[in-house]
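Secondary and tertiary structure notes
Listed below are the residues making up each chain.
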Amino acid sequence: MQDDFIWWRDGIIYQIYPRSFADSNGDGLGDLPGITSRLDYLAELGIDALWLSPFYPSPDADFGYDISDYTNIDPRFGTLADFDTLVAAAHQRNIRIIVDLVLNHTSDQHPWFLESRSSRNNPKRDWYLWRDHPNNWQSFFGGVGWEWDAATRQHYFHMFARQQPDLNWRNPKVHQEMLEVFRFWAERGVDGFRLDVFNAYFKDENYRDNPRKFGLRGFERYNHLYDINQPEMHPLLNEIRTLLDHYPERYAVGETFVASPETSASYCGPGKLHAAFNFDFTFRKFSAAEFADSIQKWTQATGAEIWPNYVLSNHDQPRSATRYAHGEDDTRARLALGMLLTLRGTPFLYYGEEIGMRDIRLKRSEILDPPGQHYWPFYTGRDGCRAPMQWDASPQAGFSSAKPWLPVHPNYRQRNVAAQQQDPGSLLNFVKKLIALRRSSPALQRGDFRLLCDPAQGVLSYERQTTAQHLRVHLNFSARPQALPATDVSPSLVLSSHRDSLNQPLQIAPGEVLILQTPA
Ligand code: NOJ
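Given the structure is predicted, the values throughout are model-derived calculations rather than measurements.

The helix and strand tally for the chain stands at 15 helices and 18 strands. For 520 residues, the compact-globule estimate of 2.2 N^0.38 gives 24 Å, and the C-alpha radius of gyration of the chain, at 23 Å, lies within 12% of that figure. Counting only C-alpha atoms and orienting by the principal axes, one finds that the chain spans roughly 80 × 50 × 45 Å. By the burial criterion, 61% of the 520 residues in the chain qualify as buried. Accessible area of the chain: about 20,300 Å², with a carbon and sulfur share of 50%. Side-chain charges of the chain comprise 54 positive and 62 negative groups, with the mean position of each set lying 4 Å from the other.

Tyr14, Leu50, Phe83, Trp185 and Met339 are the most contacted members of the largest nonpolar core, which has 136 residues in total. No fewer than three residues from each of domain 1 (8-106 + 171-203 + 249-436) and domain 2 (446-518) sit in this core. Once residues within four sequence positions are removed from consideration, tryptophan 185 is found in contact with Phe55, Tyr56, Tyr70, Thr71, Asn72, Ile73, Leu80, Phe83, Val99, Leu101, Val190 and Phe193. Core analysis: the next-biggest nonpolar cluster, separate from the first, contains 15 residues, Phe160, Tyr207, Phe219 and Ile228 among them.

Below, the discussion takes up the site of the ligand. Around the ligand, the structure places 15 residues, and the nearest of them are Asp62, Asp196, His315, Asp316 and Arg382. Between histidine 105 and the ligand, the recorded distance is 3.0 Å, taken from a side-chain N or O atom to an oxygen atom. Within the side chain of arginine 382, a nitrogen or oxygen atom sits 2.9 Å from an oxygen atom of the ligand. Of the residues contributing to the shell around the ligand, the split by class is 5 nonpolar, 3 polar and 7 charged.

Centre distance and the angle of the planes are the two values used to describe a pair of aromatic rings. Per the counting criterion, the structure on display carries 49 aromatic pairs. Consider the rings of phenylalanine 113 and tyrosine 156, whose centres lie 4.9 Å apart with planes at 70°: the pair is edge-to-face. Remark: tyrosine 156 occurs in strand E6 (residues 154-157) and phenylalanine 113 occurs in helix H5 (residues 111-116); sequence separation between them is 43 residues. Here phenylalanine 113 matches tyrosine 156 in class, with each residue buried. Linked through ring pairs, Tyr14, Phe21, Tyr41, Tyr350, Tyr351 and Trp391 together constitute an aromatic cluster. Directly above the aromatic system of tryptophan 405 lies the positively charged group of arginine 19, at a separation of 5.5 Å from the ring centroid. Cation over ring: arginine 319 sits above tyrosine 351, and NZ or CZ is 4.7 Å from the ring centre.

Going through the model one piece at a time under the given rule, you end up with 37 salt bridges. The partner of aspartate 74 in a salt bridge is arginine 76, and the shortest N-O contact between them spans 2.9 Å. Using a relative accessible area of 4% as the deciding quantity, one classes aspartate 74 as buried. Aspartate 293 is the partner of arginine 284 in a salt bridge, and the nearest nitrogen-oxygen pair spans 3.0 Å. With relative accessibility at 27%, the residue aspartate 293 sits in the partly exposed group. Linked by salt bridges that have partners in common, Asp62, Asp316, Asp369, Arg382 and Arg386 make up one network.

Our focus in this paragraph is the pairing of strand E8 (residues 251-254). Across the two faces of E8 the burial is the same, with Tyr251 and Val253 and Ala252 and Gly254 all buried. Two elements, strand E7 (residues 192-195) and E8, share 4 bridges in a ladder whose sense is parallel. Residue glycine 192 lies in a different strand from E8, and its bridge partner there is tyrosine 251. In this region the chain leaves E7, passes through helix H7 (residues 233-244) and returns to the parallel neighbour E8; the handedness of that crossover is right-handed.

Taking burial as the measure, the 5 residues of strand E11 (residues 346-350) include 5 buried ones, the bulk of the element. Two strands pair when backbone bridges link them, and strand E10 (residues 309-311) and E11 are joined in this way by 3 bridges, in the parallel orientation. Along E11, the bridge assignment pairs asparagine 309 with threonine 346.

The strand order across the open sheet formed by 8 strands is E9-E8-E7-E3-E2-E1-E11-E10, and the pairing between neighbours is parallel. Each edge of the open sheet carries a strand with a single partner, namely strand E9 (275-276) and E10. Strands strand E2 (49-52) and strand E3 (96-101) of the sheet are contacted by helix H4 (residues 80-92), whose axis makes an angle of about 140° with E3.

In this section: the domain arrangement of the chain. According to the domain assignment, the chain contains domain 1 (8-106 + 171-203 + 249-436) and domain 2 (446-518). The interface of domain 1 with domain 2 comprises 22 residues on the first partner and 21 residues on the second. In total, about 1,800 Å² of surface goes out of reach between domain 1 and domain 2, with carbon and sulfur atoms giving 78% of it. Of all residues in domain 1, the largest losses of buried area upon contact with domain 2 belong to Ala288, Leu335 and Thr342, amounting jointly to 31% of the total for that side.

Taking burial as the measure, the 10 residues of helix H11 (residues 331-340) include 8 buried ones, the bulk of the element. Three or more residues of H11 are buried, namely Ala333, Arg334, Leu335, Ala336, Leu337, Gly338, Met339 and Leu340.

To continue, consider the packing of H11 against helix H14 (residues 427-440). In contact at an axis separation of 10 Å, H11 and H14 are set at 15° when each is read in the N-to-C sense. Compared by their axis directions, H11 and H14 come out roughly parallel. When the axes of H11 and H14 are compared, the crossing they make is right-handed. Residues Ala333, Arg334, Leu337, Gly338 and Leu340 of H11 pack against Leu427, Phe430, Val431, Leu434 and Arg438 of H14. Tallied by class, residues from the contact of H11 with H14 come to 7 nonpolar, 1 polar and 2 charged.

Reading guide: rules and limits
Residues numbered from 1 in each chain as written. Predicted model: local features only at pLDDT ≥ 70, side-chain atom pairs only at ≥ 80, totals over all residues. Heavy atoms only, no water. Helix = DSSP H or I, 4+ residues; strand = E, 2+ residues; numbered from the N terminus. Rg over C-alpha atoms; globule rule 2.2 N^0.38 Å. Buried < 20%, exposed > 50% of the residue type's maximum accessible area, 1.4 Å probe, protein only. Areas by Shrake-Rupley, 256 points an atom, 1.4 Å probe, with all protein chains shown as cover. Lys, Arg positive; Asp, Glu negative; His and termini not counted. Charge placed at Lys NZ, Arg CZ, Asp CG, Glu CD. Core = buried A, V, L, I, M, F, W, Y, C linked by side-chain atoms within 4.5 Å. Domains from an automatic or database assignment. Contact = heavy atoms within 4.5 Å. Near = heavy atom within 4 Å. Polar contact = N/O pair within 3.5 Å; in protein donor to acceptor, adjacent residues only side chain to side chain. Nonpolar A, V, L, I, M, F, W, Y, C, P; charged D, E, K, R; others polar. Phe/Tyr/Trp six-rings, centres within 6.5 Å; stacked < 30°, edge-to-face > 60°. Lys NZ or Arg CZ within 6 Å of the ring centre and 35° of its normal. Salt bridge = Lys/Arg side-chain N within 4 Å of Asp/Glu carboxyl O. Pairing = 2+ DSSP bridges. Right-handed = clockwise from strand over helix to strand, strands pointing away. Axes fitted to C-alpha atoms, helices over the stretch in contact; angles between N-to-C directions. Buried area = accessible area lost by both parts, 1.4 Å probe. Parallel < 35°, antiparallel > 145°, perpendicular 65-115°, else oblique. Left-handed = near helix turned anticlockwise from the far one by under 90°.

Right under this line is the structure:
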């Protein structure tokens, strides 16, 4: 590892959805000791940091994204002592821990909201957004965003489920409490924070109606001028960054909600967040031209000052393999991961992506996710990408000794970690090779990036280089062999998904990931 290695810039971040990763106590739900028991697997995979989706006490109206205590662990996931053990064991293996802070809203069972709704003159009334008359703001999960409280005869606002009331960030006490949450976890040794929908913390002070626009779902029928991306967010980010900079090597990545690459980039840089997610890949078709366009736009938006990041999958979207692959064939998953792990920007891997896990399909009666229940059959929700990790071919895929909270994908007997570890040609072993290459290559970690040739033929080609190392990455998204651009000197083979040696003239096979080196 290089001396100037910065973990969040040069490393790879792996997202774990705790309830689906590993169940240590046989209740069908994953937990923190389960994660600790799998750290050797993660260290061997070669990742540098774990982002843990919420593990705090929660009534689970939105599976942990409705928090009822910010400074504790839900007993189903373990205890604070289990958390400390996990952090220490991860640090021993040089793996950093990022926790998920959901500070736009609390659970409606959070003691603050219980107090707030108890009467109009409760001191915490103003900690949430209460109004006599609702405006036209919508809930992202469906329907109007205002819930009538019969007891106190006012409405409160919720951007997500009605059990997730939005906090009033303009209230100085709320603001102060939230900064304490950052301090609590930073003091406990966590290395970074993922900020859930941070760009929705502030809403327009005058509660102006959002203008209408064309869209399919309710939320999409409005231009979100007044409920997202308010200017007050910028000074707050500065305050959060100043707080984090009191600790060594801390990191914050924001989840930008309904945002273009430019908007995401506007929240990052010195005195702001280290990163804001770029979800553009998740909306793109599987083609060299689409990905090239996405990379170019993001590169332009981030410029020289902001370190980019790339995401193919997370707990809110169908998995990359589900979106792209044909049946159980992993060619497309290999290409997508070949791209993710060789671009200039922090790669985020989602648990199970390294073995090409596919989404599960559920009957209507089995759907647990609130927006899936609301919008069925037009949208079936996010349960599909949250199924248990497929560790081996034993019952419940080695995830749990009990019936899991969501069913295991029926392909688990063939598609699992143990089987792929044994198979030299597996997706897992390919991903491991790519990660090992990235870890040993300053050019892949932080070298310059330049797109080569026109992706219209179906080949995405780019250069990654430092003064000491010149690499060329070629990804053939087309169904035909393609000629590669000539180089002045003959290149050497660094890694290929298809071959062990190079032939002249240089060609790339359909579906091939090919990394070449030319003398620096
Ligand atoms: C974004 C999270 O990623 C998603 O899972 C959650 O439902 C909403 N924010 C609300 O917290």
